[in-house]
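Observations on the model geometry
Listed below are the residues making up each chain.
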Amino acid sequence: MIEQIKGINIAVEGCFHGNFDEIFGTIREIEKQKKIKIDLLLVCGDVQTHRNKHDMFNMACPVKYLQMGTFYKYYEGKERAPCLTIFIGGNHEASNYLREMYFGGWIAPNIYYLGDSNIIQIKKGNTTLKLGGTSGIFKIFDFNNPKLEQFPFKSEQLRSVYHSKQIDLYKLSLYEGEVNIFLSHDWPQQIHQYGSTKELLKKKQNFEPDIKSGRLGSQPHKFTLERLQPNFWFAAHMHVKFEAFVKHKSGKQTKFLALDKCLPGRDFLQVFTYTNEQKDLYDQFAYNDEPIELFYDPEWLSIVQTTYKLLTLWDKMPKLFEYNSALKELQIIKKDKFEEFLNEKHVRMKIFGNHKIKIPNNFEITSPPYDEQDTTNRLIPPKRV
Ligand code: 5GP
Ligand code: MN
């Protein structure tokens, strides 16, 4: 008799690009072929969750690529995601809708957005995992941008809204607990060194200058990778599958996997089973059918409360990191201030204690879903200042 594996069957997807029917169809197909139930789909950005035309026009992309997609059917409940789907944002998103969910939330039944940055707990039976993630892509000029994007977005805000911000890195830096899986859209800088750079360059010759100059990927993600040292890190954006294996100085290890975008014949999906004991990708699946549940993470809630005062100071927020060019890395500015934040976090953690606070299933329709009869002005974006 085959031993029953207890764990969470997870599918990871690279860039989603609004292909809800296709990707969910692929999930159903894998379930049929392997005779398993996928418990969780993790998506690494460029999801394009347009509820309607207004959302579509809040996505940054060349006009010729503007497409309504099929998300609105899942939003209004005509279609349903086949499994719990959790995603972070990339650089092609309904940025107005995602900004409303800055701290994370249900954006459709069974579809959860992690927010600008977040760490949550996922449980199924005896298996628990801590999932972290941060949305957007890194552009150095917007990292300390003091201009908070407000609705309606001005044209430059349509892009700055999804550029990584120092506050998210600061929040993640304050986390001292264990993280099992982390999601980002762009790659941690230098990650190519931990895999086959040669193979990568064969597939993507145009990466050569960036690899040579050491600028491929995101500097903040490099910082987060070294700090959180998660068991797995999944990413997308570069449109190529790439695996790497990082051995940290602490002895901990991170398995990195980047996936491609959703197109026929491309490596856009990877299925694996997460178990408490064997934190590795392998081709065995769990057959237990306990429900999968989401919980807030007490340490993360404490960080959100502690750092809230920084958010309210947005345009007067001090610089929180500096780049040390000798070490080629970001460093926290004012270590004593950071220690104060850490202490305040510890006090709040005592208040939250070990309470298990379930993430409520509180999805609501808040904007009219796309009307299929409406074909007027389909691809004419409104003028922006
Ligand atoms: P997107 O789908 O987000 O519009 O664009 C992603 C594309 O930009 C991919 O084809 C990816 O290879 C390319 N890309 C993203 N970041 C970099 C980078 O830092 N260097 C290079 N050379 N290409 C990049
Ligand atoms: Mn992208």
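My aim in this report is to walk through the structure given alongside it, one point at a time. Only a predicted model underlies this, so the values are computations on that prediction, with no experimental measurement involved. (Residues numbered from 1 in each chain as written. Chains lettered and ligands numbered in written order. Predicted model: local features only at pLDDT ≥ 70, side-chain atom pairs only at ≥ 80, totals over all residues. Heavy atoms only, no water.)

The next thing to look at is the coordination of the manganese ion (ligand 2). Listed as protein donors to the manganese ion (ligand 2) are Asp46 (OD), Asn91 (OD1), His185 (NE2) and His237 (ND1); their distances from the metal cover 2.2 to 2.3 Å. On the primary sequence, the residues serving as donors to the manganese ion (ligand 2) are separated as D-x44-N-x93-H-x51-H. In this pair, Asn91 sits in the loop between β3 (84-87) and α4 (95-100) while His237 sits in the loop between β9 (232-235) and β10 (242-247), placing the two residues 146 residues apart along the sequence. You can call Asn91 buried: its relative accessible area is 9%. (Donors = N, O, S within 2.8 Å, 3.2 Å for Na, K, Ca; no water. Helix = DSSP H or I, 4+ residues; strand = E, 2+ residues; numbered from the N terminus. Buried < 20%, exposed > 50% of the residue type's maximum accessible area, 1.4 Å probe, protein only.)

A few words now on the site of ligand 1. The local shell around ligand 1 consists of His17, Asp46, Asn91, His92, Lys204, Asn206, Phe207, Asp210, Leu216, His237, Met238 and His239. Between ligand 1 and His92, the relevant distance is 2.6 Å, taken from an oxygen atom to a side-chain nitrogen or oxygen of the residue. One of the backbone nitrogen or oxygen atoms of Met238 is found 3.0 Å away from an oxygen atom of ligand 1. Of the residues that constitute the shell around ligand 1, the class distribution is three nonpolar, six polar and three charged. (Near = heavy atom within 4 Å. Polar contact = N/O pair within 3.5 Å; in protein donor to acceptor, adjacent residues only side chain to side chain. Nonpolar A, V, L, I, M, F, W, Y, C, P; charged D, E, K, R; others polar.)

Okay, the environment of Phe57 next. Within the fold, Phe57 resides in the loop between α2 (53-56) and α3 (71-76). Spatially, the C-alpha atom of Phe57 lies 27 Å from that of Leu84, the residues being 27 residues apart in sequence.

Right, let's talk about the pattern of salt bridges for a bit. Throughout the structure, instances matching the rule amount to 20 salt bridges. Of the charged contacts, one joins Glu199 and Lys202 as a salt bridge, the two residues approaching to 3.2 Å between their closest N and O atoms. Taken together, the positions of Glu199 and Lys202, both in helix α7 (residues 197-203) and three residues apart, correspond to about one turn of that helix. We classify Lys202 as exposed; its relative accessible area is 56%. Two residues, Arg266 and Asp260, come together in a salt bridge whose shortest N-O distance is 2.7 Å. Residue classification places Asp260 among the buried positions, given a relative accessible area of 7%. (Salt bridge = Lys/Arg side-chain N within 4 Å of Asp/Glu carboxyl O.)

Running from N to C, helix α10 (residues 298-312) and helix α11 (residues 335-352) point in directions that differ by 130°, and their axes come no closer than 8 Å. As far as their axial angle goes, α11 and α10 are oblique. Between α10 and α11 the crossing geometry is right-handed. Across from Pro298, Glu299, Leu301, Ser302, Ile303, Gln305, Thr306, Thr307, Lys309 and Leu310 in α10, the residues of α11 making contact are Phe341, Glu344, Lys345, Arg348, Met349 and Phe352. In terms of residue class, the contact of α10 with α11 is built from seven nonpolar, four polar and five charged. (Axes fitted to C-alpha atoms, helices over the stretch in contact; angles between N-to-C directions. Parallel < 35°, antiparallel > 145°, perpendicular 65-115°, else oblique. Left-handed = near helix turned anticlockwise from the far one by under 90°. Contact = heavy atoms within 4.5 Å.)

Glancing now at the layout of surface pockets. Size it by volume and the largest pocket reaches roughly 1,100 Å³. Contributing to the lining of the largest pocket are 41 residues, with Gln189, Gly217, Ser218, Gln219 and Lys222 lying nearest its centre. Breaking the lining of the largest pocket down by element, the ones donating at least two residues are α8 (208-213), α9 (219-228), β10, β14 (321-324) and β15 (329-332). Here the element with the most residues in the lining of the largest pocket is α9; it accounts for four residues. For the lining of the largest pocket, the class distribution of residues is 16 nonpolar, 13 polar and 12 charged. (1 Å grid on protein atoms, 1.4 Å probe; cavity = no way out; pocket = protein on both sides within 12 Å on 5 of 7 lines; lining within 4 Å. Points joined across faces, edges and corners; volume = space filled by probe spheres on them.)

It is worth spelling out the sheet that holds strand β1 (residues 8-13) at this point. The six strands are arranged β4-β5-β3-β2-β1-β12 in an open sheet whose pairing can be described as mixed. Edge positions in the sheet fall to β4 (105-108) and β12 (269-274), since each of these pairs with one other strand and no more. With strand direction ignored, the average angle separating the axes of adjacent strands in the sheet is 25°. Sheet analysis places strand β2 (residues 40-43) next to β3, joined by four bridges and oriented parallel. By the bridge assignment, Leu40 is partnered in β3 with Leu84. (Pairing = 2+ DSSP bridges.)

In this structure, Tyr170, Trp187, Phe256 and Phe321 are the most contacted members of the largest nonpolar core, which totals 44 residues. Contributing elements (two or more residues each) for this core: α6 (166-173), α9, β9, β10, β11 (253-258), α10, β15 and α11. By residue number, the principal contributor to this core is α10, which donates five residues. The contact partners of Phe321, leaving out residues within four places of it in the chain, are Phe143, Gln166, Leu169, Tyr170, Ser173, Phe223, Leu330, Gln331, Ile332 and Ile333. In terms of nonpolar packing, the next biggest core, distinct from the first, is built from 31 residues, Val43, Cys83, Leu98 and Phe268 among them. (Core = buried A, V, L, I, M, F, W, Y, C linked by side-chain atoms within 4.5 Å.)

The next thing to look at is the side chain of Ser117. Mapped onto the fold, Ser117 is located in strand β6 (residues 117-124). There is a polar contact of 2.7 Å between the side chain of Ser117 and the side chain of Asp168. Those residues within four positions of Ser117 in sequence are excluded, and the remaining contacts are Gly133, Thr134, Asp168, Lys171, Leu172 and Trp300.

Now for the environment of Ile10. Note on placement: Ile10 falls in strand β1. Given the relative accessible area of 0%, Ile10 is considered buried. Considered as a pair, Ile10 and Ile357 are 347 residues apart in the sequence and their alpha carbons are 23 Å apart. Other than its neighbours up to four places away in sequence, Ile10 contacts Leu40, Leu42, Leu129, Ile181, Gln270, Val271, Phe272 and Tyr274.

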